[in-house]
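# Observations on the model geometry
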Amino acid sequence: MAAYTEEEIQHSLQDVPEWERKDGSIERTFTFNEYLDGIQFVNKLAAIAEEKDHHPYIGVDYGKVTVSLTSHDVKGLSARDFDLAQRYDEAYTNLES
């Protein structure tokens with residue numbers, strides 16, 4: 001898998017509007033009313049990461065879970081990052097339903 005070009009990154013960011021680019025990664029902070037709700041969400045993220053064999057940085061704070069995605073093997077962003085971002089967005093949306 002190759003690193004995305006700048007044009008591909010800009011196009012893919014449109015599909016994950018809650019994510020923002022930070023240096024060589026994309027990042028989003030998900031919010032929760034309770035600490036344990038965030039922890040349960042982290043468990044869902046970890047299961048998806050294992051399924052996709054693509055593991056993000058996950059930071060946990062009270063009421064917040066911050067996820068950062070990058071593809072270290074290609075030293076940049078790739079389709080894997082944007083695919084995982086979409087999966088994480090879906091998991092979060094399904095929690096709210």
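Under the annotation held in an unreviewed UniProt entry, the protein chain carries the name Putative pterin-4-alpha-carbinolamine dehydratase and is attributed to Pontibacillus chungwhensis. Per UniProt, the comment on the protein chain under Catalytic activity (unreviewed entry) is "(4aS,6R)-4a-hydroxy-L-erythro-5,6,7,8-tetrahydrobiopterin = (6R)-L-erythro-6,7-dihydrobiopterin + H2O". Here is the UniProt Sequence similarities (unreviewed entry) comment for the protein chain, exactly as written: "Belongs to the pterin-4-alpha-carbinolamine dehydratase family."

## Digging into the packing of aromatic side chains
Under the counting rule described, the total for this entry stands at eight aromatic pairs. For the pair W19 and F30, a centre-to-centre distance of 6.1 Å together with 80° between the ring planes defines the contact as edge-to-face. Within this pair, whereas W19 is found in the loop between α1 (6–13) and β1 (20–22), its partner F30 is found in strand β2 (residues 25–31), the two being separated by 11 residues in sequence. Given a relative accessible area of 0%, F30 falls into the buried group. The structure contains a cluster of three or more aromatic residues connected by ring pairs, namely W19, F30, F32, F41 and Y92.

## Points about the pattern of salt bridges
Within this structure, the stated rule accounts for five salt bridges. Here E20 makes a salt bridge to K22, at a shortest N to O gap of 3.7 Å. Here E20 falls in the partly exposed class, since its relative accessible area comes to 44%. Classification of K22 by relative accessible area gives partly exposed; the value is 35%. Across the salt bridge formed by R87 and E51, the nearest N and O atoms sit 2.9 Å from each other. Of this pair, R87 sits in helix α3 (residues 79–96) while E51 sits in helix α2 (residues 35–52), and the two are 36 residues apart along the sequence. In this structure R87 comes out as partly exposed when scored by relative accessible area, which is 24%. Classification of E51 as exposed rests on a relative accessible area of 55%. What you see here is one network of salt bridges that share partners, running through E20, K22 and E27.

## A word on α1
Within α1, the full set of buried residues consists of I9, S12 and L13. For α1, the angular spread of the buried residues around the axis is 100°, confining them to a single face. In this structure, α1 carries E7 and H11 as exposed residues pointing more than 90 degrees from its buried face.

## Overview of the pairing of β2
Burial analysis of β2 places five of its seven residues in the buried class, which makes it a mostly covered element. For β1 and β2, the ladder comprises three bridges, and the chain directions are antiparallel. In the sheet register, R21 faces β2, and the bridge partner there is I26. Counting the residues between successive antiparallel strands, the hairpin from β1 to β2 contains two residues, one of them, D23, with a positive phi of roughly 55°. When β2 meets strand β4 (residues 64–69), the two strands line up antiparallel, connected through six bridges.

Calculation rules
Residues numbered from 1 in each chain as written. Predicted model: local features only at pLDDT ≥ 70, side-chain atom pairs only at ≥ 80, totals over all residues. Heavy atoms only, no water. UniProt positions renumbered as here; feature names shortened; annotations may be inferred. Phe/Tyr/Trp six-rings, centres within 6.5 Å; stacked < 30°, edge-to-face > 60°. Helix = DSSP H or I, 4+ residues; strand = E, 2+ residues; numbered from the N terminus. Buried < 20%, exposed > 50% of the residue type's maximum accessible area, 1.4 Å probe, protein only. Salt bridge = Lys/Arg side-chain N within 4 Å of Asp/Glu carboxyl O. Arc of directions from axis to C-beta. Pairing = 2+ DSSP bridges.

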